[in-house]
Amino acid sequence: MLEKIRAIHQQVESIQIENGDQLEQFRSAYVGRKGVIADLFESLKTAPPEDRRAIGAELNNLKNLAQNKFTETRDRLETQQAQATQPAPVDLTLPGYPNEMGSMHPLSMVRARIVEIFERIGFNVADGPEIEDDWHNFTSLNFPPNHPAREMQDTFFIGKNPDMVLRTHTSSVQVRLMENGKPPFRAIMPGRVYRNEAISVRAHCVFHQVEGIYIDRNVSFMDLKQTLYHFSREMFGKDIRIRFRPSFFPFTEPSAEIDISCLICKGSGCNICKHSGWVEIGGSGMVDPNVLTNCGIDPEEFTGFAFGMGIERITNLLYQVRDLRLFTENDVRFLRQFGPVS
Ligand code: DAH
């Protein structure tokens, strides 16, 4: 029996345990209650009494050896596993992650640039509500009731109230400005406007305009042309050409649409300018005497011009954004292209 014990002793010593499965095999083969060592203790009972002492001592040795090997290996495997699942220790000498800066929305960039250009020639910035009443959005601006001119702009009404609308243009802010002050006025009014349009590549129900107004004694159409010419050169570069096309708006007389020479093809014709060499950026005109009267200003004493331009349109020309929806989708792949906040 001693022989047998020694053989097992050697086995236990030489066994290599590398993972949980092997450990479990080892446990049930040697340490467990049904293992070989337990069997040997069992057969100790039948050994000759004079040998029992020596065999018992050997057996106890073997038992301790197996038990110790089991606990040590279990501890070792547990620490190994814990180390494997723990994050690698921090290396403080590595360079840090850069601080992601975000970028300014292209429309905000262009709006800020427009404000900067007009501020330098003495225009203030004014603001007004996006939810407007009929008076400020239409009636004061010389849109007669039920006149087809109202249909130039597809309007969102607030609930069932025909008097409250989401403003369809920033011209409503001109009226608020004039009603609440005394001439001279020289201001631009950038802001969001709303029209009941199906959203597509070319149209959106929310977009941005910048309105401008200059009211004083002796303001002429020439001042309007000069101001917009100056703006266009500052915004698009000194080679830009500008032209005025006769048009109609209820709140200006005479009225003109403003075109600039196409930035993309420089006037030779491309699909952006529909092969005309010109692109429209807004409307303008001399403020209609009725509008001045509606705002408590004497049209005999004061005259002035007004204009309204689309900020998306200007942005598209500068950056060639081909789909209006990109401005409102918050896709960082698009927004990132406009550089970090400066
Ligand atoms: N409000 C016009 C529009 O939304 C744009 C406009 C045209 C504004 C002529 C003006 C103006 O101030 O004089 O289409």
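Notes on the structure follow.

The rules behind each value
- Residues numbered from 1 in each chain as written.
- Predicted model: local features only at pLDDT ≥ 70, side-chain atom pairs only at ≥ 80, totals over all residues.
- Heavy atoms only, no water.
- Helix = DSSP H or I, 4+ residues; strand = E, 2+ residues; numbered from the N terminus.
- Rg over C-alpha atoms; globule rule 2.2 N^0.38 Å.
- Buried < 20%, exposed > 50% of the residue type's maximum accessible area, 1.4 Å probe, protein only.
- Contact = heavy atoms within 4.5 Å.
- Lys, Arg positive; Asp, Glu negative; His and termini not counted.
- Charge placed at Lys NZ, Arg CZ, Asp CG, Glu CD.
- Axes fitted to C-alpha atoms, helices over the stretch in contact; angles between N-to-C directions.
- Parallel < 35°, antiparallel > 145°, perpendicular 65-115°, else oblique.
- Left-handed = near helix turned anticlockwise from the far one by under 90°.
- Nonpolar A, V, L, I, M, F, W, Y, C, P; charged D, E, K, R; others polar.
- Core = buried A, V, L, I, M, F, W, Y, C linked by side-chain atoms within 4.5 Å.
- Pairing = 2+ DSSP bridges.

What follows deals with the overall build of the protein chain. The number of helices and strands found in the protein chain is 11 helices and 10 strands. On C-alpha atoms alone, the protein chain measures out to a radius of gyration of 43 Å, which is more than a quarter above the 20 Å that the 2.2 N^0.38 rule sets for 342 residues. For the protein chain, the C-alpha atoms occupy an extent of roughly 140 × 50 × 35 Å along the three principal directions. Expressed as a percentage of its 342 residues, the buried residues of the protein chain come to 41%. Look at the contacts in the protein chain between residues 6 or more apart in sequence, and 67% of them connect residues 24 or more apart. For the protein chain, the centre of its 38 positive side-chain charges and the centre of its 44 negative side-chain charges are spaced 5 Å apart.

Attention now moves to the packing of helix α1 (residues 2–14) against helix α4 (residues 49–85). The angle between the axes and the distance between the axes are what describe a pair of packed helices. Running from amino to carboxyl end, α1 crosses α4 at an angle of 15 degrees, the nearest separation of the two axes being 10 Å. Our classification of the angle between α1 and α4 gives roughly parallel. In this structure, α1 meets α4 at a crossing whose hand is left-handed. Where α1 approaches α4, its residues Leu2, Ile5, Arg6, Ile8, His9, Val12, Glu13 and Ser14 are matched on the opposing element by Ile55, Glu58, Leu59, Leu62, Leu65, Ala66 and Lys69. A per-class count over the contact of α1 with α4 returns 9 nonpolar, 2 polar and 4 charged.

What follows covers the nonpolar core. In terms of nonpolar packing, the biggest core is built from 42 residues, with Ile114, Phe307 and Met309 touching the most fellow members. When residues in this core are grouped by element, the largest group, 6 residues, is from helix α5 (residues 106–120). Leave out the neighbours within four places in its chain, and Met309 touches Phe118, His208, Gln209, Val210, Leu228, Phe231, Ile258, Ile281, Gly282 and Ile314. Counting residues in each nonpolar core, the second largest holds 21 residues, with Ala126, Met178, Ile213 and Leu292 among its members.

It is worth spelling out the sheet that holds strand β2 (residues 131–133) at this point. Taken in spatial order, the 3 strands of this open sheet run β2-β4-β3, and their pairing is antiparallel. A strand with exactly one partner marks an edge of an open sheet, and here the two such strands are β2 and β3 (157–158). Across 3 bridges, β2 lies against strand β4 (residues 161–166) in antiparallel orientation. Following the sheet pairing, Asp133 is matched in β4 by Met164.

Moving on, we get to helix α10 (residues 311–319). Three or more residues of α10 are buried, namely Ile311, Glu312, Ile314, Thr315, Asn316 and Leu317. Positive phi shows up at Gln320, right after α10, with a value of about 55 degrees.

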